[in-house]
Amino acid sequence: MHVRTLTGGLAAAFLVSLSLTGGQAVAAAPQAVDASPAARVLTYDAAGSAEFRSAVDRGAAIWNESVDAVELRPAAAGQRANIRVLADNGWPRALPTTLGNGTVYIGRQAVDQGYNTIRISAHELGHILGLPDRKPGPCSSLMSGSTAGTACANPYPNTAEKAEVEGNFGGGLAVRVPAVRAGVIVD
């Protein structure tokens, strides 16, 4: 995850400089300041993701590296997860119930056609995080999904996608885009 704290070192240095130039200033000891609210933790259960388990874990890690406002963690044994991830023989899809909750299917049909499993995982998790499909689209857009083609292996959200997730979870300015429609999102 991104670094979330700032130190008061620059402010302290400024105050010391001010006092050396004849100004009156009292410098307090530098303290860490939390620059953003705590990330909202969402848990996922990938026990039913079969051969795609490592791709699901990597997709979650990519989101954790990319945004500050939300963190995806594997659910503990016996814990009810926000996100359930399953493997099936259909096309990949997400069924969001509310923001940060729902079911993801990593469909073997797309994998059999040559689509990248980590990109599929990150893309479908993006739907659970509130992102809609952006089709057609380039490989640089994670949410362009299958329209980027089988040669596209980019599993990372672009700047606008990151900003939208940050906004969805209260961690920054959101890029305004249409809301994800209720029900099934098929890619």
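Everything numeric here is computed off the predicted structure, so don't read it as measured data.

## Structural notes on the overall build of the protein chain
Item 1. The secondary structure content of the protein chain amounts to 5 helices and 8 strands.
Item 2. Burial analysis of the protein chain (187 residues in total) assigns 41% to the buried set.
Item 3. A separation threshold of at least 6 residues defines the contact pool for the protein chain, and within that pool the share at least 24 residues apart is 61%.
Item 4. Here the protein chain displays about 9,600 Å² of accessible surface, and carbon together with sulfur accounts for 57% of that area.

## Some words on helix 2 (residues 53-66)
Item 1. Across its 14 residues, helix 2 extends 20 Å between first and last C-alpha, which sits within 8% of the 20 Å expected from 1.5 Å per residue.
Item 2. Every buried residue of helix 2 is accounted for by A55, V56, G59, A60, I62, W63, N64 and S66.
Item 3. At its buried positions, helix 2 is contacted by strand 3 (40-48), strand 4 (70-74), strand 5 (83-88), strand 7 (101-107), helix 4 (117-128) and helix 5 (159-168).

## Regarding the confidence of the model for the protein chain
Item 1. Averaged over the protein chain, the pLDDT score is 82; the fraction of residues at 70 or greater is 71%.
Item 2. Here residues 1-30 is a poorly scored stretch, pLDDT under 50, and it has 35 contacts once near neighbours within four places are set aside; other chains count.
Item 3. Below pLDDT 50 for its whole length, residues 173-184 participates in 22 contacts with residues either more than four positions away or in separate chains.

## Some thoughts on the environment of S121
Item 1. Looking at the secondary structure, you find S121 in helix 4.
Item 2. We classify S121 as buried; its relative accessible area is 1%.
Item 3. Once the C-alpha coordinates of S121 and A60 are considered, the two residues, 61 residues apart in sequence, prove to be 7.9 Å apart.
Item 4. Not counting the four nearest positions on each side in its chain, S121 is found in contact with A55, V56, G59 and I106.

## With respect to the state of the cysteines
Working definition of a disulfide: a covalent bond connecting the sulfur atoms of two cysteines.
Item 1. Applying the stated criterion across every chain, the model contains 1 disulfide.
Item 2. The disulfide bridge from C139 ends at C152, spanning 2.0 Å between sulfur atoms. Sign of the S-S torsion, about 80° for the bond between C139 and C152, identifies this disulfide as right-handed. In this pair, C139 is assigned in the loop between helix 4 and helix 5 and C152 in the loop between helix 4 and helix 5, connecting sequence segments 13 residues apart.

Reading the values: the criteria
- Residues numbered from 1 in each chain as written.
- Predicted model: local features only at pLDDT ≥ 70, side-chain atom pairs only at ≥ 80, totals over all residues.
- Heavy atoms only, no water.
- Helix = DSSP H or I, 4+ residues; strand = E, 2+ residues; numbered from the N terminus.
- Buried < 20%, exposed > 50% of the residue type's maximum accessible area, 1.4 Å probe, protein only.
- Contact = heavy atoms within 4.5 Å.
- Areas by Shrake-Rupley, 256 points an atom, 1.4 Å probe, with all protein chains shown as cover.
- Expected span 1.5 Å × (residues − 1).
- pLDDT = per-residue confidence, 0-100.
- Disulfide = S-S within 2.5 Å.

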